[in-house]
Amino acid sequence: QVQLVESGGGLVQPGGSLRLSCAASGSTLKYYTIGWFRQAPGKEREGVSSLSTSDESTDYADSVKGRFTISRDSAKNTVYLQMNSLAPEDTAVYYCAYADWITKPTMKRDSYDYWGQGTQVTVSS
């Protein structure tokens, strides 16, 4: 079993920045993939970014390329999502997810085995 806890969400003005954290605990493997997803009211959950620990490769949704950066601190077993130049369209609940036996980044929801509880990000003036 793997437990994921997101943190770092909050209220930020347009153009501002936030850093989300996803702390993993439990029976994590050496090699796994972490994905960040978000869900706005009335919309489907969409992939934002993904990182695979097998080769440290990453992927991003087109809507966040150049603004968001996913990274990892292996000593803390934590994955981060640095979000810059935030816009109201980024407002959503952000979730991290964990996938076993995945060697490449993926933003397909059904690839992930465990999910965190989510953290709210609100971008508003």
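Up top is the structure.
Source: prediction; values computed, not measured.

Chemist: Could you give an account of the overall build of the chain, with specific residues and numbers?
Modeler: From N to C terminus, the chain includes zero helices and eleven strands. In the chain, the succession of helices and strands from N to C terminus is β-β-β-β-β-β-β-β-β-β-β. In summary, the chain has a C-alpha radius of gyration of 13 Å against a globular reference of 14 Å for 125 residues, a match within 12%. With respect to the three principal axes, the spread of C-alpha positions in the chain is 40 × 30 × 25 Å. The proportion of buried residues among the 125 residues of the chain is 42%. Sequence-distant contacts in the chain: of pairs separated by 6 or more residues, those separated by 24 or more amount to 60%.

Chemist: Residues and numbers for the pattern of salt bridges, please.
Modeler: All chains considered together, the criterion is met by five salt bridges. Salt-bridge contacts for Arg38 lead to Asp90; the nearest nitrogen and oxygen are separated by 2.9 Å. Here the residue Arg38 occupies a position in strand 4 (residues 33-39), and Asp90 occupies one in the loop between strand 8 (78-83) and strand 9 (92-99), the gap between them amounting to 52 residues. Considered together, Arg38 and Asp90 belong to a single accessibility category, that of buried residues. Here Lys65 and Asp62 are joined by a salt bridge, their closest N and O atoms 3.2 Å apart. Residue classification places Asp62 among the exposed residues on the basis of a relative accessible area of 66%. Taken together, the shared-partner salt bridges in this structure form one network comprising Arg38, Glu46, Arg67 and Asp90.

Cut-offs and rules
- Residues numbered from 1 in each chain as written.
- Predicted model: local features only at pLDDT ≥ 70, side-chain atom pairs only at ≥ 80, totals over all residues.
- Heavy atoms only, no water.
- Helix = DSSP H or I, 4+ residues; strand = E, 2+ residues; numbered from the N terminus.
- Rg over C-alpha atoms; globule rule 2.2 N^0.38 Å.
- Buried < 20%, exposed > 50% of the residue type's maximum accessible area, 1.4 Å probe, protein only.
- Contact = heavy atoms within 4.5 Å.
- Salt bridge = Lys/Arg side-chain N within 4 Å of Asp/Glu carboxyl O.

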